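Geometric and topological summary
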Amino acid sequence: MTLATPNPMTMFGPDFPFAYDDWVRHPAGLGQLPEHRLGTPVAVVGGGISGLVAAYELMKLGLRPVLYEAGELGGRMRSIAFADHPDSLAELGAMRFPPSASTLFHYIRELGLRTRPFPNPLATCTPSTVIDLGGVVHHVRTAEELPSVYQDVADAWDKALQDRAELSSMEDAIRRRDVRAIKSIWNRLVTEMDDQSFYGFLAASSAFESFQTREIFGQVGFGTGGWDTDFPNSILEILRVIYTHADDDQVSIVGGAQRVPSGLWTHEPEHLVHWPAGTSLASLNSGAPRPSVRKITRRGGGIVIEDGTGVPREFAATVFTPHVWTLLSQIDCAPELLSTPQWTAVERTHYMNSSKVFVLTDRPFWLDTDPRTGHDVMGMTLTDRCPRGVYLFDDGPDRPGVMCLSYTWNDDSSKLSTLDDHQRVSVLLRRLAAIYPGVDIASHVIGEPISITWEREPNFMGAFRANLPGHYRYQRRLFTQFMQAGAPEAQQGFFLCGDDISWTAGFAEGAVTTALNAVWGVLDHLGGKTHPGNPGPGDRFHDLAPVDLPL
């Protein structure tokens, strides 16, 4: 007897359960434009993954995407090589991707990129994990080797999810892509829990009556590590991650995450409308994007983009992908392009802060065996000290190793934000010396460190959007902005997408799928249609729309 293989888990919903992965893979393509619209220039602001996906698909439809980028292509998929060691990379932003991100992986496969397992704590590919809490250090390879208190915390988390969030039922519904079941569960939870924080959800569960249980869970957490920096956020943000396995079995992109957006820039798709074979976004943009956008205005039926050179250009439609706070401070944006409720949602957007510090080592010395303990000299580390998370990357014993000495969020990020790179490394090495006495990390460091603090980056202002309790209504206004039928003419043709607009901020899948919403919006705005056998997100919107909470 052959057992049936379960359907794979994907990031299908729960807020808007549309099969984006099926839509982009369908042989009929995403739609067809009127003949007179072919070759029409469309502005795409922002060269991150969302902007590149939007531009790539608009090009395939026969439009001419004109890309604007304030920095370099990639956005928060930023891979920086160490000086004199171009094969050794520091992943400053996105560095790990779940297989459940099936729409993102459509593009990864199209580009022919390879992946490999990411060394998260206790992952099967991770040689060893070190847990340091309250000055007590545990060296382990599997979760089973940890003291029973950690398993008790894991059991408490599972119980809370089963009892209060119908975890198993939702996982099953997502695997089967059962829209009715998904919406039945999720619409109720949104109504009940929009006002509840992550910490409030834990504290209200009988499984987390003990403060110690909540504390250990916050510092060690699940999947990729501790989650206490997420405690103020809406529990809905966390449930979306859990339901879709976005924190499980993650992989990295061989050669760097930035290869995805940069690959879309130069890739020559096989199936193009209007453009000759061999056309790419790079060729349509003369090899480089336009500079940063300074002003966006409305002129009649068009949208005028003025870049850093002061040159204005009118477009029939515009796709906007950067952090929406840039519309409040760095870009002079005409207020009529968004409704008053949408502007309120922009104002209320909340960002997570984050910092990383990387150093290059002469070799992956952490794999050496400590003769006193029999353990690896170091392991992937979770700690309540200021480094919080330490990740170790190696390409073999005879090649340099890369250490992410610290990966922090919010208040922990702020603790290092005023220090320069060398000061950060000095502080972190002192803290790590308490966990690894006798290990001379500094003796193995070569070259200059590399760091990032995303809240200090002028074009980002934070790592990613994270909704606070009560923010669901604001998020719905931003996500549904691509549906513009019936909107005043002044609010048509300008489409928001990207991380801020997504329900799953911090995951590239959300940036990709909202880019596809914008593509559908542009197609519809310019009089195009999807194929009857391959309806798009706007065609299915009224059947799948996120629940609309009363005001």
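That block above? That's the structure.
Residues numbered from 1 in each chain as written. Predicted model: local features only at pLDDT ≥ 70, side-chain atom pairs only at ≥ 80, totals over all residues. Heavy atoms only, no water.

**A closer look at helix α10 (residues 259-266)**
As a reminder of what qualifies: When a residue's accessible area, from a 1.4 Å probe over protein chains only, is under 20% of the maximum for its type it is buried; when over 50% it is exposed; and in between it is partly exposed. Strands are runs of DSSP state E lasting at least two residues, helices are runs of H or I lasting at least four, and both sets are numbered from the N terminus onward. Only heavy atoms matter for contacts: two residues are in contact if any of them lie within 4.5 Å across the pair.
Among the residues of α10, Val260, Pro261, Gly263, Leu264 and Trp265 are the ones counted as buried. Against α2 (49-60), β2 (64-68), α3 (102-110), β8 (251-253) and α11 (281-284) lie the buried residues of α10.

**Examining the pattern of salt bridges**
Opposite charge on two side chains lets them pair, provided their charged atoms get close. Heads up, the condition is: By convention in these notes, a salt bridge is any Lys or Arg side-chain nitrogen within 4 Å of a carboxyl oxygen on Asp or Glu.
Enumeration according to the criterion identifies 28 salt bridges in this entry. For Arg116, the salt bridge goes to Asp395, with nearest N and O atoms at 2.9 Å. Of the two residues, Arg116 is situated in strand β5 (residues 115-117) and Asp395 in the loop between β17 (389-394) and β18 (401-409); the sequence distance between them amounts to 279 residues. The exposure class assigned to Arg116 is partly exposed, which follows from its relative accessible area of 39%. Where Arg290 meets Asp307, a salt bridge forms, and the shortest distance between an N and an O atom there is 2.5 Å. With Arg290 in the loop between α11 and β9 (293-299) and Asp307 in strand β10 (residues 302-307), this pair connects stretches of sequence that are 17 residues apart. Three or more residues joined by partner-sharing salt bridges are found here, namely Asp15, Glu237, Arg240 and Arg465.

**Some points on helix α8 (residues 211-220)**
Going by this rule: The definition of a polar contact used here is a pair of N or O atoms within 3.5 Å, where within protein one atom must be able to donate a hydrogen and the other to accept one, and adjacent residues in sequence count solely through side-chain atom pairs.
Burial of α8 is extensive: seven of the 10 residues sit out of reach of the surface. Along α8, the residues classified as buried are Thr213, Arg214, Ile216, Phe217, Gly218, Gln219 and Val220. Structurally, the start of α8 carries an N-cap: the backbone nitrogen of Gln212 is 3.1 Å from a side-chain oxygen of Ser210. Positive phi appears at Gly221, one or two residues downstream of α8, with a value of about 70°.

**Examining the packing of aromatic side chains**
Short version of the rule: The rule is short: rings of Phe, Tyr and Trp, with Trp giving its six-membered ring, pair when the centres are within 6.5 Å, and they are stacked under 30 degrees, edge-to-face over 60, tilted in between. Both a distance and an angle decide whether a charge sits over a ring: NZ of Lys or CZ of Arg must be within 6 Å of the ring centre and within 35 degrees of the ring normal.
Here the structure, examined in full by the defined rule, presents 31 aromatic pairs. Each ring, one from Trp454 and one from Phe460, has its centre 5.0 Å from the other, and the planes form 80°; the classification is edge-to-face. Through pairs of rings, three or more aromatic residues link up here, namely Phe16, Phe18, Tyr20, Trp23, Tyr472, Phe479, Phe482, Trp503, Trp520 and Phe541. If you follow Lys356 out to its NZ or CZ, it ends over the ring of Tyr407, 4.6 Å from the centre.

Treat this as a map of the structure, not an account of what it does.
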